[in-house]
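Working through the structure, step by step
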Amino acid sequence: MINLVLFGPPGAGKGTQADVLKEKYQLVHISTGDVFRYNIKNQTELGVSAKGFIDKGQLVPDEVTIKMLKAKVEETPEAKGFIFDGFPRTENQADALAELLESKGTTVNAMVALEVDDEVLVKRLLERGKTSGRKDDANEAVIRNRIKVYYDETAILKQYYKKQDKYYGIDGVGSVEEITERISQVIDKL
Ligand code: ADP
């Protein structure tokens, strides 16, 4: 199995790259943001409990997120590997992921972190907000809060995976193809 954590601030391009990489490497893509949005749209219990946090640009509590992620992984027992996009975002989540994969006799092979300047991120997200219909993309204050939450709560996970020699920083500015090529160079050596 190859299990990748696709990492980076909001707007770094994780979803775009995951779409390409899942085909190229035959991996199952799990985007926690997409799963939350699906549940919000369908007004499930999970969606209702997550909505308030997401609309404010805050993290959904670990307990809720971890439970959802586990259930999502269990949906595809035949998977050849996963791309985790938007998860983990806290150390608790990273520990839970390690434990889950360990119980399957596997592990996170790499964290691929897309690096993009903050001002570029804000511009990209405001642009995306014009068409995505995402409330959290429509408002600059919410966007800036998401970026702040990333630095305050999530960016420390770089250290978590660096300690395990699994961290790969990737320049996230360029064409989609160029960035896929940069990431592929990492994956092909795993
Ligand atoms: P982004 O483009 O900001 O990276 P995502 O689609 O990954 O957006 O996530 C959107 C929102 O969903 C986040 O701002 C957060 O509120 C919630 N969310 C997604 N993943 C997680 C997670 N692992 N832990 C807590 N909250 C999460």
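Residues numbered from 1 in each chain as written. Predicted model: local features only at pLDDT ≥ 70, side-chain atom pairs only at ≥ 80, totals over all residues. Heavy atoms only, no water.

Brief notes about the overall build of the protein chain
As a reminder of what qualifies: Helical segments are the DSSP runs of H or I of at least four residues, strand segments are the runs of E of at least two, and each set is numbered from the N terminus. Note that the radius of gyration is over C-alpha atoms, with the globule rule given as 2.2 Å times the number of residues to the power 0.38. We call two residues in contact when some of their heavy atoms are within 4.5 Å. Values of accessible area rely on a 1.4 Å probe in the Shrake-Rupley scheme; residue burial ignores everything except the protein chains shown. By the counting rule applied here, Lys and Arg register as positive and Asp and Glu as negative, while His and the ends of each chain are not counted. Just so you know, the charge point we use is NZ for Lys, CZ for Arg, CG for Asp and CD for Glu.
Scanning the protein chain from terminus to terminus reveals 10 helices and five strands. Over its C-alpha trace the protein chain gives a radius of gyration of 16 Å, about what one expects of a compact globule, namely 16 Å for 190 residues. Taking the principal axes of the C-alpha coordinates as reference, the protein chain spans close to 40 × 40 × 30 Å. Counting contacts in the protein chain only where the partners sit at least 6 residues apart, residues at least 24 apart contribute 74% of the total. Accessible area of the protein chain: about 10000 Å², with a carbon and sulfur share of 50%. Positive and negative side-chain charges of the protein chain, numbering 28 and 31 respectively, have mean locations separated by a distance of 3 Å.

With respect to the nonpolar core
Soluble globular proteins: nonpolar side chains tend toward being buried together. Going by this rule: In plain words, nonpolar cores are sets of buried Ala, Val, Leu, Ile, Met, Phe, Trp, Tyr and Cys residues tied together by side-chain atoms within 4.5 Å. Here the term buried applies to any residue with accessible area under 20% of the maximum for its type, exposed to any over 50%, and partly exposed to those in between, with areas from a 1.4 Å probe on protein chains only.
In terms of nonpolar packing, the biggest core is built from 24 residues, with L69, F84, L97 and Y161 touching the most fellow members. Breaking this core down by element, the ones donating at least two residues are strand 1 (2–7), helix 4 (62–74), strand 3 (81–85), helix 5 (91–103), strand 4 (110–115) and helix 9 (157–163). No other element matches helix 5, which puts five residues into this core. In contact with L69, other than residues within four places in its own chain, are I30, T32, F84, F87, L97 and L100. L4, Y25, L27 and L125 belong to the second-largest nonpolar core, a separate cluster that totals 22 residues.

Some details on the environment of L97
Locating L97 in the fold gives a position in helix 5. For the pair formed by L97 and F87, sequence separation is 10 residues and the distance between their alpha carbons is 8.7 Å. Dropping the residues within four chain positions of it, L97 is found in contact with V5, L69, F84, F87, P88, V108 and Y161.

Re the site of the ligand
Note the threshold: It suffices for a single heavy atom of a residue to lie within 4 Å of a molecule or strand for the residue to be listed as near it. Residues adjacent in sequence count toward polar contacts only when both atoms are side-chain atoms; beyond that, a polar contact is any pair of N or O atoms within 3.5 Å, and within protein one must be able to donate a hydrogen and the other to accept it. For this classification, the nonpolar set comprises Ala, Val, Leu, Ile, Met, Phe, Trp, Tyr, Cys and Pro, the charged set comprises Asp, Glu, Lys and Arg, and every other residue, Gly included, is treated as polar.
In the vicinity of the ligand there are 20 residues, among which T32, R37, Q58, G86 and R146 approach most closely. R37 is positioned such that a nitrogen or oxygen atom in its side chain is 2.9 Å from an oxygen atom of the ligand. One of the side-chain N or O atoms of Q93 is found 2.9 Å from a nitrogen atom in the ligand. Expressed as a share of its isolated accessible area of 550 Å², the protein-covered part of the ligand is 96%. Residue contributions to the shell around the ligand peak at four residues, all from helix 2 (residues 32–41). When grouped by side-chain class, the residues that make up the shell around the ligand number six nonpolar, seven polar and seven charged.

Distances and angles like these do not, on their own, reveal function.
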